[in-house]
Amino acid sequence: MGFKENLRDEISYQGLMIKELAAKAGLNAGSISNYLKENSSIPSADIAVKIAGALNVSVEYLVTGKRPITKSEKIYSPEIRRLADKLEAMSERDRKIAGAVINAICENPRPEPREK
C-alpha cells in the first residue's frame, strides 16, 4: 500500500472527516482530498509532516505502511487496531473465547487455497 491507501486507512480508523484532518493539519480540505484521489501524488515533505503530525503517526508510516517498533511499544496497523478495539469492548468471557479461537488458529493454521 502507498501513501494514499495508508492515509485513507488512518483517517477511517481515527473516525475523522477530511475537513477535521485538514483543520488539525492547518491545510485546505481540498488538498487532503486530492491526496486521496486515484491518480494522486505524494505530498511534499513539509505537507506530509503536517498530515502525519495531525494524525499522530510518522511520515514513514504514511508512505510505507510500516511503523517503527520501539522497545517499549509495538504499534499496529489500523486493521489490527480495529480488532483490538473490538476485543477490548467485549466482556471478559467473550474475550477469553476469542482468545481461544485465535490461539487455535495460530497453532493449526489452515493452508492457503490453491488457485485454479
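Everything numeric in this text was worked out from a predicted model, so none of it was measured.

(A) Molecular detail of the overall build of the chain. For the chain, the helix and strand inventory stands at seven helices and zero strands. In summary, the chain has a C-alpha radius of gyration of 18 Å against a globular reference of 13 Å for 116 residues, an excess of more than 25%. Over its C-alpha atoms, taken along the principal directions, the chain stretches across nearly 45 × 40 × 30 Å. The burial tally for the chain puts 24% of its 116 residues in the buried class. Residue pairs at least 24 apart in sequence account for 53% of intrachain contacts in the chain once pairs closer than 6 positions are excluded. Surface summary for the chain: the accessible area is close to 8600 Å², and the carbon and sulfur share equals 54%. For the chain, the distance from the average position of its 19 positive side-chain charges to the average position of its 16 negative side-chain charges is 1 Å.

(B) Region of interest: the side chain of Asn6. Along the chain, Asn6 falls in helix H1 (residues 3-14). Overall, Asn6 belongs to the buried group, its relative accessible area being 2%. Side-chain polar atoms of Asn6 contact the backbone oxygen of Leu62, separated by 3.1 Å. Ignoring any residue separated from it by four or fewer positions in sequence, one finds Asn6 in contact with Met1, Tyr61, Leu62, Val63, Thr64 and Gly65.

(C) Just the packing of aromatic side chains, in detail. Counted by the stated rule, this structure contains one aromatic pair. Centre to centre, the rings of Phe3 and Tyr35 are 6.4 Å apart; their planes meet at 85°, and the pair counts as edge-to-face. Here Phe3, found in helix H1, pairs with Tyr35, found in helix H3 (residues 29-36); they are 32 residues apart in sequence, far enough to count as distant. Of note, Arg81 hangs over the ring of Tyr13, and the distance from its end group to the ring centre comes to 4.1 Å.

Rules behind the numbers
Once a new chain begins, its residue numbering starts again from 1 and follows that chain's sequence as written. Local features in this predicted model are restricted to residues whose pLDDT is 70 or higher, and side-chain atom pairs enter the listing and the counts only when it is 80 or higher, whereas totals over whole chains, interfaces and linings include all residues. The side-chain figures draw on all heavy atoms in the structure; neither hydrogens nor water molecules are used. The helix count covers DSSP runs of H or I at least four residues long, the strand count covers runs of E at least two residues long, and both are numbered beginning at the N terminus. In this description the radius of gyration comes from C-alpha coordinates, and the expected globular size is given by 2.2 Å times residues to the power 0.38. Residue exposure (1.4 Å probe, protein chains only): buried if accessible area is under 20% of the type maximum, exposed if over 50%, otherwise partly exposed. Here, residues are in contact when the closest pair of their heavy atoms is within 4.5 Å. Method for areas: the Shrake-Rupley scheme with a 1.4 Å probe, in which residue coverage is limited to the protein chains shown. In summary, the charge assignment counts Lys and Arg as positive and Asp and Glu as negative, without counting His or the chain termini. We put the charge of a Lys on NZ, of an Arg on CZ, of an Asp on CG and of a Glu on CD. Any N or O atom pair separated by 3.5 Å or less is treated as a polar contact, with the protein-specific requirement of one donor-capable and one acceptor-capable atom, and with residues adjacent in sequence counted only for side-chain atom pairs. Aromatic rings from Phe, Tyr and Trp, taking only the six-membered ring of Trp, are treated as a pair when their centres fall within 6.5 Å; an angle between ring planes under 30 degrees marks them as stacked, one over 60 as edge-to-face, and anything in between as tilted. Charge over a ring is defined by NZ of Lys or CZ of Arg lying within 6 Å of the ring centre and within 35 degrees of the ring normal.

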